[in-house]
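Each chain, written out:
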Amino acid sequence: MKQDISKLYIITGGPGAGKTTVLDELNKYGLTAVPEEGRRIIKEQIESGGEGLPWLNKELFASLMFEESVKTYLEINQAPHLKPVFFDRGIWDTLGYMRLENIPVLELMTARAREMVYNNNVFIFPPWKEIYENDPERKQTIEKAILTFECMKEIYEEYGFNIIEVPKVTVEKRARFILDRVLIKLK
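So, here is what we can say about the structure in this document. (Residues numbered from 1 in each chain as written. Predicted model: local features only at pLDDT ≥ 70, side-chain atom pairs only at ≥ 80, totals over all residues. Heavy atoms only, no water.)

**Observations concerning the environment of Lys129**
Here comes step 1: Tracing the chain through its elements places Lys129 in the loop between strand S4 (121–125) and helix H6 (142–158).
Here comes step 2: Residue Lys129 is classed as exposed on the basis of its relative accessible area of 63%. (Helix = DSSP H or I, 4+ residues; strand = E, 2+ residues; numbered from the N terminus. Buried < 20%, exposed > 50% of the residue type's maximum accessible area, 1.4 Å probe, protein only.)

**Re helix H7 (residues 171–181)**
Here comes step 1: Considered for burial, the residues of H7 that qualify are Arg174, Ala175, Phe177, Ile178 and Leu179.
Here comes step 2: In the core, the buried residues of H7 are packed alongside strand S1 (8–13), helix H1 (19–28), strand S3 (85–88), S4 and strand S5 (162–165).
Here comes step 3: Of the residues trailing H7, Leu183 is marked for its positive phi of about 60 degrees. (Contact = heavy atoms within 4.5 Å.)

**As for the packing of aromatic side chains**
Here comes step 1: Taken as a whole and judged by the stated rule, the model has nine aromatic pairs.
Here comes step 2: With 6.0 Å between their ring centres and 45 degrees between their planes, Tyr9 and Phe123 make a pair best called tilted. Of this pair, Tyr9 sits in strand S1 while Phe123 sits in strand S4, and the two are 114 residues apart along the sequence. Here Tyr9 matches Phe123 in class, with each residue buried.
Here comes step 3: Joined through ring pairs, the aromatic side chains of Trp92, Tyr156, Tyr159 and Phe161 make up one cluster.
Here comes step 4: Cation over ring: Arg181 sits above Phe177, and NZ or CZ is 3.6 Å from the ring centre. (Phe/Tyr/Trp six-rings, centres within 6.5 Å; stacked < 30°, edge-to-face > 60°. Lys NZ or Arg CZ within 6 Å of the ring centre and 35° of its normal.)

**Regarding the pairing of S1**
Here comes step 1: Within S1, six of the six residues are buried, which leaves it mostly tucked inside the rest of the structure.
Here comes step 2: Covered by surrounding structure in S1 are Leu8, Ile10 and Thr12 together with Tyr9, Ile11 and Gly13, the residues of both alternating faces.
Here comes step 3: The pairing of S1 with S3 spans four bridges and is classified as parallel. When the sheet's bridge partners are listed, Tyr9 is paired in S3 with Phe86.
Here comes step 4: Pairing geometry for S1 and S4, over four bridges, is parallel. Note that in S4 the partner of Ile10 across the bridge is Val122. (Pairing = 2+ DSSP bridges.)

**With respect to the side chain of Thr148**
Here comes step 1: Assignment of secondary structure puts Thr148 in helix H6.
Here comes step 2: Among all residues touching Thr148, those that are not within four sequence positions of it are Gly13, Gly14, Pro15 and Leu100.

**Re the pattern of salt bridges**
Here comes step 1: Taken as a whole and judged by the stated rule, the model has 11 salt bridges.
Here comes step 2: Put simply, Arg99 and Glu154 hold a salt bridge, and the shortest N to O gap is 3.0 Å. With Arg99 in helix H4 (residues 91–100) and Glu154 in helix H6, this pair connects stretches of sequence that are 55 residues apart.
Here comes step 3: Look at Arg99 and you get partly exposed, because its relative accessible area is 30%.
Here comes step 4: With a shortest N-O distance of 2.5 Å, Glu115 and Arg112 are connected by a salt bridge. You can see Glu115 and its partner Arg112 sitting in helix H5 (residues 107–115), three residues apart, about one turn around the helix.
Here comes step 5: On the basis of relative accessible area, Glu115 is assigned to the partly exposed category, the value being 47%.
Here comes step 6: On the basis of relative accessible area, Arg112 is assigned to the partly exposed category, the value being 27%.
Here comes step 7: Residues participating in the shared-partner salt-bridge network are Glu37, Arg40, Glu44 and Glu68. (Salt bridge = Lys/Arg side-chain N within 4 Å of Asp/Glu carboxyl O.)

This is the structure we're talking about:
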């Protein structure tokens, strides 16, 4: 059974802007939050001694992200969900990353990405210096986070998505902001 694409939402932005924290909050409401592929790949590559890391082999990292994003999308798209599903980054984020890092994007990848249909409203988290932190999987500077935000906004607009910027407020208010826009009324 294919998923109702109107229920598949992307949450994007630069690193360290609070996306994952808000997705965790949405999960508390019983909504499905799909974790970011990039962070998982980084953890797996570190544990296995692999080279598919953004600071070692950006091309391999991008390829792994693309493959895993497609795989996850297809799995989620086949499962019946009565409520919205929120992706911590969509397939277009990988293409945006490739653009940011000057990695050639194959036409086959763009065509495949167009097959991954999401709700037209994309929630974007702006850079927020006050909450930005580095960790073992996030080594970018705040400046690189800002460039990533700008690139993600550009690529989603380029492909016709409606960008909704999430305000810099508390986690609970950010989650409520998103829920209000997908018309979910919770008690």
